[in-house]
Amino acid sequence: MARVNADAWVPEEYGSEVITRVNQNSAIEAVARRVAMASDITKVPRVGAVGVDVVAKGTAYNDSNAALDNVILDAVKFGKTVTIAEEDLEDAIANAVAAFQAEWAVDYARMLDNACLGVTGTQNGGTVPFTSVYKAAASGQKIATAGAVTYAKLSDTMALYEGSDYANDADTVVIAHPSFKAAFRGIVDSNGRPIFVEGIAGTPSTLFGVAVNFSYGAKTSTTATSAPNGNPLLVVGNRQHLVLGVRSGPESLLSYEPGFRTDEPVLKMRARRGFAVARPEAFGILEVTAS
């Protein structure tokens, strides 16, 4: 096989295995409002409530005090390298590069979700790349189970969002850790009807009639990780206020140059993303805690 030293990043096209794995495993990539970033820092306009009055005939209109400000998207890079023996590229039955890309996509998806949803630390652009929904939300927007997940706790969490100024049926999303599934399946309403309907044949699962996305990143963690081990979270809110900045990627590069002496080319994979919560008040959070 002729050696080719890659000199350009290869974007992973939509429909590829990498993108499929990302979208299957990342709730944020799947449902958040995507904003293309032309530079590493992008401002996204945010408008406050304008209000409305009854205006009598012949009287002056009252001016609104609506605030117009911005949320800031600051792109950070998620990446990893894998050193691959040349023999594995030439002799393996499986496509080693594609396999590593797909596995990286899963870890990237989980880490991105954790960074956006459950990290409890203060944003520092490194181990805490973004201010998560959990961190941004006020204490009154969070409900602790203090034991088992119950109908009442789930209903109260939905009510936190439904009673806010930012509730909108068309943009409502639920993101939950997969451990909630077991609790969902055992809960029925006062008429004996299940509140959770598991999706089949490509249809989404629903909770109280709202599509629910499951993510292994939906747990608390002090820093961003692809394997958080804190409390499982359920987040309900308006997807328009989950703002995902897309700067580049996922993309990859395979280079032989670093492994010239060892016949071990290096596969590099990365994606650059920014994230911000436009309105923290647009969310309700249920956190599974011990009794």
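Summarised in this report is the structure supplied together with it. Note that the structure is predicted; figures quoted are calculated from it, not measured.

### Structural notes on the overall build of the protein chain
Turning to step 1, where the next piece is worked out: Regarding its fold elements, the protein chain presents 7 helices and 14 strands.
Turning to step 2, where the next piece is worked out: The buried share among the 291 residues of the protein chain stands at 44%.
Turning to step 3, where the next piece is worked out: Considering only contacts within the protein chain whose residues lie at least 6 apart along the sequence, 76% involve residues at least 24 apart.
Turning to step 4, where the next piece is worked out: For the protein chain, the accessible area works out to roughly 15000 Å², and carbon and sulfur atoms hold 51% of it.

### Some remarks on the sheet that holds strand E6 (residues 142-144)
Turning to step 1, where the next piece is worked out: The 7 strands lie next to each other as E6-E14-E11-E7-E10-E9-E8, forming an open sheet whose pairing is mixed. Among the strands making up the open sheet, the edge pair consists of E6 and strand E8 (196-197).
Turning to step 2, where the next piece is worked out: One ladder, built from 5 bridges, connects strand E7 (residues 172-176) with strand E11 (residues 233-238); its direction is antiparallel. Following the sheet pairing, Thr-172 is matched in E11 by Asn-238.

### Thoughts on unusual backbone geometry
Turning to step 1, where the next piece is worked out: Unlike most non-glycine residues, Ala-146 shows phi in positive territory, near 50°.
Turning to step 2, where the next piece is worked out: Positionally, Ala-146 belongs in the loop between E6 and helix H6 (151-162).
Turning to step 3, where the next piece is worked out: Judged by its relative accessible area of 47%, Ala-146 falls in the partly exposed class.
Turning to step 4, where the next piece is worked out: With a phi close to 55°, Phe-208 is a non-glycine residue in the positive phi region.
Turning to step 5, where the next piece is worked out: Here Phe-208 shows up in the loop between strand E9 (206-207) and strand E10 (210-214).
Turning to step 6, where the next piece is worked out: For Phe-208, a relative accessible area of 29% corresponds to the partly exposed category.

### Notes on a negative patch on the surface
Turning to step 1, where the next piece is worked out: A cluster of like negative charges, contributed by Glu-87, Asp-88, Glu-90 and Glu-264, occupies part of the molecular surface.
Turning to step 2, where the next piece is worked out: Note that Asp-88 resides in helix H3 (residues 86-91).
Turning to step 3, where the next piece is worked out: Its relative accessible area of 42% is what places Asp-88 among the partly exposed residues.

### Concerning the packing of aromatic side chains
Turning to step 1, where the next piece is worked out: Under the defined criterion, the tally for this structure stands at 9 aromatic pairs.
Turning to step 2, where the next piece is worked out: Ring centres of Trp-104 and Tyr-108 lie 5.2 Å apart, and the angle between their planes is 10°; on these two criteria the pair is classed as stacked. Here Trp-104 and its partner Tyr-108 are both found in helix H4 (residues 96-117), 4 residues apart, which amounts to about one turn of the helix. The pair Trp-104 / Tyr-108 is uniform in exposure class, with both members buried.
Turning to step 3, where the next piece is worked out: Geometrically, the ring pair formed by Phe-184 and Phe-196 is tilted, given 5.2 Å between the ring centres and 45° between the ring planes. With a gap of 12 residues between them, Phe-184 in helix H7 (residues 180-185) and Phe-196 in strand E8 connect regions that are remote in the sequence. Residue Phe-184 shares its accessibility class with Phe-196, and that shared class is buried.
Turning to step 4, where the next piece is worked out: An aromatic cluster is present here, built from Phe-78, Trp-104, Tyr-108, Phe-130 and Phe-275 joined pairwise through their rings.
Turning to step 5, where the next piece is worked out: For the cation-ring pair, Lys-142 lies above Tyr-134, with the distance from its terminal atom to the ring centre recorded as 4.0 Å.
Turning to step 6, where the next piece is worked out: Looking at Lys-181, its charged tip hangs above the ring of Phe-214, at a distance of 4.7 Å from the centre.

### Observations concerning the side chain of Gln-141
Turning to step 1, where the next piece is worked out: Mapped onto the secondary structure, Gln-141 falls in the loop between helix H5 (133-136) and E6.
Turning to step 2, where the next piece is worked out: A relative accessible area of 12% places Gln-141 in the buried class.
Turning to step 3, where the next piece is worked out: Other than its neighbours up to four places away in sequence, Gln-141 contacts Leu-160, Pro-280, Glu-281, Ala-282, Phe-283, Gly-284 and Ile-285.

### Re the pattern of salt bridges
Turning to step 1, where the next piece is worked out: If you walk through the whole model with that rule in mind, you get 6 salt bridges.
Turning to step 2, where the next piece is worked out: Glu-29 serves as the salt-bridge partner of Arg-34, at 2.7 Å between the closest nitrogen and oxygen.
Turning to step 3, where the next piece is worked out: For Glu-29, a relative accessible area of 5% gives the class buried.
Turning to step 4, where the next piece is worked out: Taking the shortest distance from any N to any O, the salt bridge between Arg-270 and Glu-251 comes out at 2.8 Å. With Arg-270 in strand E13 (residues 266-277) and Glu-251 in strand E12 (residues 242-255), this pair connects stretches of sequence that are 19 residues apart. Here the two residues Arg-270 and Glu-251 agree in accessibility, since each one is buried.

### Here's the deal with the pairing of E10
Turning to step 1, where the next piece is worked out: What you see with E10 is a clean split: Val-210, Val-212 and Phe-214 sit on the buried side and Ala-211 and Asn-213 on the side with no burial.
Turning to step 2, where the next piece is worked out: Where E7 lies against E10, 3 bridges are found, and the strand directions are parallel. By the bridge assignment, Val-174 is partnered in E10 with Val-212.
Turning to step 3, where the next piece is worked out: Connecting E9 to the next strand, E10, in antiparallel fashion are 2 residues, including Phe-208 with a positive phi near 55°.

Thresholds, definitions, all that
- Residues numbered from 1 in each chain as written.
- Predicted model: local features only at pLDDT ≥ 70, side-chain atom pairs only at ≥ 80, totals over all residues.
- Heavy atoms only, no water.
- Helix = DSSP H or I, 4+ residues; strand = E, 2+ residues; numbered from the N terminus.
- Buried < 20%, exposed > 50% of the residue type's maximum accessible area, 1.4 Å probe, protein only.
- Contact = heavy atoms within 4.5 Å.
- Areas by Shrake-Rupley, 256 points an atom, 1.4 Å probe, with all protein chains shown as cover.
- Pairing = 2+ DSSP bridges.
- Patch = residues over 30% accessible without salt bridge, like charges linked within 9 Å, V, L, I, M, F, W, Y side chains within 5 Å.
- Salt bridge = Lys/Arg side-chain N within 4 Å of Asp/Glu carboxyl O.
- Lys, Arg positive; Asp, Glu negative; His and termini not counted.
- Charge placed at Lys NZ, Arg CZ, Asp CG, Glu CD.
- Phe/Tyr/Trp six-rings, centres within 6.5 Å; stacked < 30°, edge-to-face > 60°.
- Lys NZ or Arg CZ within 6 Å of the ring centre and 35° of its normal.

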